[in-house]
Amino acid sequence: MSERIGIASDHGGRVLKEKVSQYLRSLGHEVVDFGVPVNDADSVDYPDYAQTLAKEVSQGQLPRGILICGTGIGMSIAANKVPGIRAALVWDEFTARMSRQHNDANILCLGERVLNHDRALDYLHIWIKSEFEGKRHQTRLDKIRALER
Ligand code: RB5
């Protein structure tokens, strides 16, 4: 099933963002890109991009999104400050699958400088197709949601 998927990166994630975007389009998804442009190497602040995308997802304009920086750490920290966001930093097949099945992650965070880019596309594919299992995991997400209030 094709989806509208948001994506954003800082300067440290823009090359992988381009590869991820092309891959998503090849799978038939619509990619909504919030920057930075792949050919713009100027240093920017990742919280600005995390906030823009996370708000889109949090407010329901996009079902889910992808954030990329050098390590993926800064993007995940910043995105998780936005209520309703469950941003998961993923680094292998297992974390990609678990972040969906157990955590219902609505934002995938990747690190351009720490991942093999071809493998990162494999993790992305697993993340896209894996589904939340609900039940006891929903109870835990409800407790996370309560922390936001
Ligand atoms: C930028 O140099 C770098 O700090 C950023 O891309 C990211 O890795 C932060 O977590």
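Look a little higher up for the structure.
Treat the numbers as computed from the prediction; the structure is a model and nothing was measured. (Residues numbered from 1 in each chain as written. Predicted model: local features only at pLDDT ≥ 70, side-chain atom pairs only at ≥ 80, totals over all residues. Heavy atoms only, no water.)

Asker: Which parts of the structure should I look at to understand the packing of helix 4 (residues 93-101) against helix 5 (residues 117-129)?
Answerer: Between two packed helices, what matters for the description is the angle formed by their axes and the separation of those axes. For the pair helix 4 and helix 5, the least separation of the axes is 8 Å and the interaxial angle reads 25°. In terms of orientation, helix 4 lies roughly parallel with respect to helix 5. Between helix 4 and helix 5 the crossing geometry is right-handed. Residues E93, A96, R97, S99 and R100 of helix 4 lie in contact with helix 5, whose contacting residues are R119, Y123, I126 and W127. (Axes fitted to C-alpha atoms, helices over the stretch in contact; angles between N-to-C directions. Helix = DSSP H or I, 4+ residues; strand = E, 2+ residues; numbered from the N terminus. Parallel < 35°, antiparallel > 145°, perpendicular 65-115°, else oblique. Left-handed = near helix turned anticlockwise from the far one by under 90°. Contact = heavy atoms within 4.5 Å.)

Asker: Explain helix 5 here, please?
Answerer: Residues spaced three or four apart along an α-helix point in a common direction, a consequence of the helix completing one turn every 3.6 residues. Between its first and last C-alpha, helix 5 extends 19 Å over 13 residues, near the 18 Å set by a 1.5 Å rise per residue. Those residues of helix 5 that fall on the buried side of the exposure criterion are H117, A120, L121, Y123, L124, I126, W127 and I128. Turning to helix 5, the residues buried within the fold contact strand 1 (4-9), helix 1 (14-26), strand 3 (64-69), helix 4 and strand 5 (107-111). In this structure N116 caps helix 5, since a side-chain oxygen of it lies 2.9 Å from the backbone nitrogen of D118. (Expected span 1.5 Å × (residues − 1). Buried < 20%, exposed > 50% of the residue type's maximum accessible area, 1.4 Å probe, protein only. Polar contact = N/O pair within 3.5 Å; in protein donor to acceptor, adjacent residues only side chain to side chain.)

Asker: Is there a simple way to think about the site of the ligand in this case?
Answerer: In the vicinity of the ligand, the contacting residues are D10, H11, Y46, C69, G70, T71, G74 and R113. A distance of 2.6 Å separates an oxygen atom of the ligand from a polar atom in the side chain of D10. G74 places a polar main-chain atom, nitrogen or oxygen, 2.9 Å from an oxygen atom of the ligand. Relative to its unbound accessible surface of 290 Å², the ligand loses 72% to contact with the protein. Taken together, the residues that form the shell around the ligand break down as two nonpolar, four polar and two charged. (Near = heavy atom within 4 Å. Areas by Shrake-Rupley, 256 points an atom, 1.4 Å probe, with all protein chains shown as cover. Nonpolar A, V, L, I, M, F, W, Y, C, P; charged D, E, K, R; others polar.)

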